[in-house]
Amino acid sequence: MKYLLMDVGSTNIKWCLCDTETGGLSARKRIAFPQRLPEGGKYIFEVDAEAVWSCTEGILEEATRRCPLEGILLSVQMHGYLLADDRFHFLTPYRSWRDRRALLKAGEESYYERFRREYPRSVPPESGSSCKPNLSVCSLYADSFLHPALAERARHYFTLGSYLIFRMTGHNVTHLTDAAASGFYLAQTGQVNEALAQLPPFRLLQFPAACAGLPLAGFWKGVPVYPAVGDQQVAVLGCRLRPREILLNLGTAAQLCVRSEQFLKGKYESRPYFGGQWLCTFSGLCGGAQIRRLADSTPQDALAARLAANYQEALERLPPGERLVITGGAATHYAALIRKACDLLPLPYLILDGSDTLCGLQTLTEFVQKEEPSHDNGKRWEGPLRPYDQRGTLPPFANHPSQRRL
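This text gives an overview of the structure that appears in the document. This is a predicted model, so every value here is computed, not measured.

Let us look at helix 1 (residues 49–66). The end-to-end C-alpha distance of helix 1 is 26 Å, a good match for the 26 Å that 18 residues give at a rise of 1.5 Å each. Where helix 1 begins, the capping side chain belongs to Asp48, and its oxygen is found 3.0 Å from the backbone nitrogen of Glu50.

All right, on to the side chain of Ser75 then. Along the chain, Ser75 turns up in strand 5 (residues 69–76). Those residues within four positions of Ser75 in sequence are excluded, and the remaining contacts are Met6, Asp7, Val8, Val229, Gly230, Asp231, Val234, Thr357 and Leu361.

Moving on, we get to unusual backbone geometry. The phi torsion of most residues other than glycine is negative, and most of the peptide bonds are trans. In this structure, Ala27 is a non-glycine residue whose phi angle is positive, near 55 degrees. You can see Ala27 is positioned in strand 3 (residues 25–32).

Take Pro148: it is sitting in helix 4 (residues 148–153). Exposure remark for Pro148: the relative accessible area of 45% places this residue in the partly exposed category. In this structure the C-alpha to C-alpha distance between Pro148 and Thr64, which are 84 residues apart in sequence, comes to 43 Å.

A word on the pairing of strand 2 (residues 12–19). Strand 2 sits mainly inside the fold: seven of its eight residues count as buried. For strand 2 and strand 3, the ladder comprises six bridges, and the chain directions are antiparallel. Bridge pairing links Asn12 to Ala32 in strand 3. Once strand 2 ends, the chain turns through five residues before running back antiparallel as strand 3, passing Gly23 with a positive phi of about 80 degrees.

Turning our eyes to something else, we now look at the sheet that holds strand 21 (residues 278–285). Reading across the sheet, the six strands line up as 20-21-19-18-22-23 and stay open at both edges, with mixed pairing between neighbours. Because the sheet does not close on itself, it has two edges, and the strands there are strand 20 (269–272) and strand 23 (349–351). Within this sheet the neighbouring strands show an average axis-to-axis angle of 30 degrees, counted without direction. When strand 20 meets strand 21, the two strands line up antiparallel, connected through four bridges. Within strand 21, the position partnered with Glu269 by the bridge is Thr281. Contacts from helix 12 (residues 335–343) reach strand 18 (245–250), strand 22 (323–327) and strand 23 within the one sheet, and its direction differs from that of strand 23 by about 170 degrees.

What follows covers the packing of aromatic side chains. Geometry of an aromatic ring pair is reported as the spacing of the ring centres plus the angle between the planes. Enumeration according to the criterion identifies 19 aromatic pairs in this entry. Between the aromatic rings of Phe158 and Phe166, the centroid separation amounts to 5.1 Å while the plane-to-plane angle is 65 degrees, which identifies the pairing as edge-to-face. In this structure, Phe158 and Phe166 share a single accessibility class: buried. An angle of 50 degrees between the planes, with centres 5.2 Å apart, marks the rings of Tyr273 and Phe274 as tilted. The buried category is assigned to Phe274, whose relative accessible area is 0%. Among the aromatic residues, ring-to-ring pairing joins Tyr81, Tyr157, Phe184, Phe202 and Phe207 into one connected group. For the cation-ring pair, Arg114 lies above Phe145, with the distance from its terminal atom to the ring centre recorded as 5.0 Å.

Right, let's talk about helix 10 (residues 300–317) for a bit. Helix length check: helix 10 (18 residues) gives 26 Å between terminal C-alpha atoms against 26 Å at 1.5 Å per residue, within 8%. Those residues of helix 10 lying buried are Leu303, Ala304, Leu307, Ala308, Asn310, Tyr311, Ala314 and Leu315. Down the axis, helix 10 shows its buried residues gathered within 165 degrees of arc, on one side only. In this structure, helix 10 carries Asp301 and Glu316 as exposed residues pointing more than 90 degrees from its buried face. The inward-facing, buried residues of helix 10 abut strand 18, strand 19 (254–260), strand 21, helix 9 (288–295), strand 22 and helix 12.

Calculation criteria
- Residues numbered from 1 in each chain as written.
- Predicted model: local features only at pLDDT ≥ 70, side-chain atom pairs only at ≥ 80, totals over all residues.
- Heavy atoms only, no water.
- Helix = DSSP H or I, 4+ residues; strand = E, 2+ residues; numbered from the N terminus.
- Expected span 1.5 Å × (residues − 1).
- Polar contact = N/O pair within 3.5 Å; in protein donor to acceptor, adjacent residues only side chain to side chain.
- Contact = heavy atoms within 4.5 Å.
- Buried < 20%, exposed > 50% of the residue type's maximum accessible area, 1.4 Å probe, protein only.
- Pairing = 2+ DSSP bridges.
- Axes fitted to C-alpha atoms, helices over the stretch in contact; angles between N-to-C directions.
- Phe/Tyr/Trp six-rings, centres within 6.5 Å; stacked < 30°, edge-to-face > 60°.
- Lys NZ or Arg CZ within 6 Å of the ring centre and 35° of its normal.
- Arc of directions from axis to C-beta.

Here you go:
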């Protein structure tokens, strides 16, 4: 029996089969993530949600034709969302983390500026996110003015992860690592931030149940399905980041992060990680998409210096580390450029080869909880999968043998 592991990224959807007895990964494949819809203009970045599901369903069907499955685990790009009405009819396409409709003008100021002025403390550090134009909180605020009729009909909020779980199982549920990226949750408790959720633009919405562990979320054609996890967190897990190492995760966009045993406040986000730990994270850095735009018009030395300056600014805001670890597709594709940039940084560095989100998902297969889900078979999730506790339900990965570097 094998697990299907799937990473739904911004550029590609990668998947493989994991043999839990041998530890081997087989049938590695990737398909392109659906393209951005052409309508909307500069700040709108929407993707046909049905196309995303069609790609996912095709992978599910192919995997089950290959062999019997023991379970399905997936990681997803974070921050994006979809809306549905009270009968779970979807009202919007998938609005990606690249969507910045909050920057559209509302008179002399943008909707983002207006939101910050009207609700200055609505997205606290305890949410695991920071207030920024692409945060779904800000996008929904803007949409309440741009499309008021849609906002009146919307009743259910989905992350991309909870949307895919819903399509598989009928339950709007996801892992806290994915849920917290919306800005609507208190990452230390796993509960929805009611002070934010009851503000006028959001008070009609119901949000996904968020869990800290990996209990059973439901079934797809008889195969157990587990909550979707955040792609950044599972990438960190896959590269076996040690204490005081700083990870530069170079995907379509890039983040720098360092693990912490405690929730910390600083000039960064403290995002929930596994085993009750946290990722002090600086996001929005130059990744593959921006490098691709600049590579043809900028000499390599100049581009390397620009990247180094961007990463150095983030390093200065994070808790100190002893070594930089680099992973992600852009690190492989632009290997020479990334080495030039890292040579300009003050820390020794290591570029990992072959470590990715699928490796992190492979580790998570050891910790899925196989008991029956405690809910009915209807379309509404009536509560959290499991009460959240500060330690979570996974052991601290720092103490697990899989964390030891070969």
